[in-house]
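Per-entry structural report
Given next are the chains, with one letter for each unit.
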Amino acid sequence: MTEEEKTLHQETVGSDEMTEEATEETTEEAAEEMPEEEGAQEEASGKKERKLGWAKKAKEKASKADEEKEAQAKLLAEANDRYTRLFAEFDNYRKRTDKEKSAMFGMGAKDVLEKILPIVDSFERGLGLVEEEDKNDPFEVGMEKIYKQFLQVLESIGVTQIEAVGHEFDPNFHNAVMHVDDESVGENIIVEEFQKGYMYKDTLLRPSMVKVAN
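Residues numbered from 1 in each chain as written. Predicted model: local features only at pLDDT ≥ 70, side-chain atom pairs only at ≥ 80, totals over all residues. Heavy atoms only, no water.

Side chains bearing opposite charge may pair, as long as their charged atoms lie close to each other. With the rule as written, the count across this model stands at 10 salt bridges. Measuring nitrogen to oxygen at the nearest pair gives 3.0 Å for the salt bridge that ties Asp81 to Arg85. Taken together, the residues span about one helical turn, with Asp81 and Arg85 both in helix H1 (residues 3-128) at a distance of four residues. As a salt-bridge pair, Lys196 and Glu124 come within 3.4 Å of each other at their nearest N and O atoms. Of this pair, Lys196 sits in the loop between strand S3 (190-195) and strand S4 (198-200) while Glu124 sits in helix H1; the two residues are 72 residues apart in sequence, bridging distant segments of the chain. One connected set of salt bridges, linked through shared partners, spans Asp91, Arg94 and Lys95. (Salt bridge = Lys/Arg side-chain N within 4 Å of Asp/Glu carboxyl O. Helix = DSSP H or I, 4+ residues; strand = E, 2+ residues; numbered from the N terminus.)

Glancing now at the sheet that holds S4. Strand order in the open sheet made by the three strands is S1-S4-S5, with antiparallel pairing throughout. The strands lining the two open edges of the sheet, one partner per strand, are strand S1 (159-161) and strand S5 (203-206). Strand-to-strand twist of the sheet, defined as the mean angle between neighbouring strand axes without regard to direction, takes the value 30°. Where S4 lies against S5, three bridges are found, and the strand directions are antiparallel. Within S5, the residue paired with Met199 across the bridge is Leu204. (Pairing = 2+ DSSP bridges. Axes fitted to C-alpha atoms, helices over the stretch in contact; angles between N-to-C directions.)

Structure follows, in structure tokens:
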């Protein structure tokens, strides 16, 4: 083999070796790049799964919060309903007890006043028997003042006299014990009062005993 052929052979062999080396390097680089791409895909997939997991947790948390709010609203409504019912029951109890107390007081006052009225009648009968010339007597004047003071006290607690003479007869307030034919007055008009009647506020203590014209 000549020198030129040897040289050409060496160059060809060297070129083949360089080609093989380049091919091996390219294969190695490709092998190195493939795991990096797969890792990137896996990382992206993991991020997506994590995002989905966070979204699911957030949705579950919001749903739980809504359920808690709904439960609290229900408890508040029940508590408000119980309060309203309790307040209504207490208000009814207060009104009932006030009415009972008022009725008991009224009954007690009526009983006492009915026993006092005969004393007032005695005053009136006694003062009615006083002669005209004796009305300036200090004793008679004193009795007149006591009688008037007595009436003022009764009036201050709600006791009032029932109108009778000259008014039309009313069986709710008057007790007719006599009837008389009198053309000078209208029919069913009271012409005389034998005993005064009294009211205690809206309650009848005693009807008036009267004479009525037919």
